[in-house]
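Descriptive structure summary
For reference, the chains in residue letters:
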Amino acid sequence: MTNSTKLSNRSMYHFLMALTISSSLGLQAWRTLFDNFAVKVVGLDGSHIGVIQSLREIPGFMALLVIFIMLLLKEHRISSLSIITLAIGMGITGLFPSYLGLIGTTVLMSLGYHYYETTFQSLTLQYFDKKTSPLIFGRMRSLGAASNIAVGGLIFILASYLTFTQMYLAIGVLILTIGLWSFTQNPTSPNIVTQRKRMIVRKRYWLYYFLTFMAGARRQIFVAFAVFLLVKKFEFSVQEITILFVVNNVINYFLSPMIGKAVVRFGERKVLSIEYFSLIFVFLAYAVVETKLLVALLYIADHIFFNFAMAIRTFFQKIGDPRDIAPSMAVGFTINHIGAVIFPVVGGLLWMIDYRIPFVVGAVLSLISLSAVQLITGQIRRAVGRED
């Protein structure tokens, strides 16, 4: 690796670090405030939450458009604009305390978050090699966790003094400042492989597509209904939710780099097998638990396993053409959000029948995913054979 490449990688690392902190701040603040804001201020129920969560995932479903935006803008510029969009959506949420208002601001915030995540994954896999990228993903998750701790502590303090509107505005302005700064930076390198700027769908990537789809479906059951279960059934307050998020992120601050190292040492198949095997029991436990302490512990465990998904992206890096990274991350994000758009609405309707049903579905999806990840090793061997 040349000195210029090393310098570029370092510049890209710092650039992604700043934007990942901003993205984490925005999403964590939104998650911390959303359910209490939706229930206590806007007065929504389970079916409303399901619809909003589904609409929140539409920008992720449209991540494929990043490929075409790349014809006009460089990826790092798209990253900066995405964070700016996230900041605006987050900042104005409290100004529209209605069902339609919450839909609009949620979609805007989500547009910024999902387009940043798409370019973040792509840039990481382009600028860092196969042994380094899992470590970078782990470090970024750790930095995100530290940011989440900070915003959680901030919300815990401010919740006693500020309204929801004021908290949304304050956090939005902070993120906007970082986004505007990043727009003045250029961390790119001419030594990086040029990416194809068209939609790429290849038969040999089928397992990556399938695991990505299943991860999106599983993730939405967690995002849409786990916190809602805490607020609706167990009556967690905004301060209690904040404490829970802080505990999650303290654990993940230390654990995320270890997960990245585990991917390098043990491989994607073993790491993902641990995730999905454990999630079968976590989701089933959600359906039967009756105490606040146990459901809080389940939520913490669920959140930990959420980090293991980095192995799906590093799996693609091992089987994919280096020129396919950017378009494939965009295609993967779209595939991930097919289930994400559908499952919250369906899950919300099932919740109205019996709140346990969405979690049982999550256990079934985890079992299917556990079976699929056993094929990873063979896929990697075939990819290495093609390179030879």
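Report follows, based on the coordinates. Along each chain, the written sequence defines residue order, and numbers are assigned to residues from 1. Given that the model is predicted, a residue must reach a pLDDT of at least 70 before its local features are reported, and side-chain atom pairs must reach 80 or more before they are shown or counted; all residues, however, enter totals for whole chains, interfaces and linings. Side-chain figures throughout are based on the complete set of non-hydrogen atoms in the structure, without hydrogens or water.

1. What to know about the nonpolar core
Let me state the cut-off plainly: Only buried residues count toward a nonpolar core, which is a set of Ala, Val, Leu, Ile, Met, Phe, Trp, Tyr and Cys residues joined through side-chain atoms within 4.5 Å. Here the term buried applies to any residue with accessible area under 20% of the maximum for its type, exposed to any over 50%, and partly exposed to those in between, with areas from a 1.4 Å probe on protein chains only. Under the scheme used here, helices are H or I runs from DSSP no shorter than 4 residues and strands are E runs no shorter than 2 residues, and both carry numbers assigned from the N terminus. Contacts are residue-level and defined by heavy atoms, with any inter-residue pair within 4.5 Å sufficient.
Core analysis: the biggest nonpolar cluster contains 118 residues, and Y286, Y299 and F359 have the highest contact counts within it. Here the element with the most residues in this core is helix α9 (residues 206–232); it accounts for 18 residues. Ignoring anything within four residues of it in the chain, the contact list for F359 reads I221, F225, A226, L229, F283, Y286, A287 and W351.

2. Examining the packing of aromatic side chains
The cut-off we apply is this: Any pair of Phe, Tyr and Trp rings, taking the six-membered ring for Trp, is counted once the centres come within 6.5 Å. Such a pair is stacked with planes under 30 degrees apart, edge-to-face with planes over 60 apart, and tilted for the rest. Charge over a ring is defined by NZ of Lys or CZ of Arg lying within 6 Å of the ring centre and within 35 degrees of the ring normal.
Following the criterion strictly, the structure yields 14 aromatic pairs and no others. Taken together, a centroid distance of 5.5 Å and an interplanar angle of 65 degrees make the contact between F305 and F308 edge-to-face. Exposure remark for F308: the relative accessible area of 11% places this residue in the buried category. By the ring-pair criterion, three or more aromatic residues cluster together here, those being Y205, Y208, Y209 and F316. Taking NZ or CZ as reference, K233 lies 5.5 Å from the ring centre of F234, over its face.

3. Things to note about the side chain of S273
Of note, S273 is situated in helix α11 (residues 268–288). Residue classification places S273 among the buried positions, given a relative accessible area of 13%. Apart from residues no more than four positions distant in its own chain, S273 is found in contact with L370, V373 and Q374.

4. A few points about the pattern of salt bridges
For clarity, the cut-off: A side-chain nitrogen of Lys or Arg and a carboxyl oxygen of Asp or Glu constitute a salt bridge if their distance falls within 4 Å.
Under the counting rule described, the total for this entry stands at 10 salt bridges. Of the charged contacts in the structure, one is a salt bridge between D302 and R218, with a shortest N-O distance of 3.1 Å. Of the two residues, D302 is situated in helix α12 (residues 292–306) and R218 in helix α9; the sequence distance between them amounts to 84 residues. Summarising the burial analysis for this pair, D302 and R218 share the class buried. The partner of R323 in a salt bridge is D321, with the nearest N and O atoms 3.0 Å apart.

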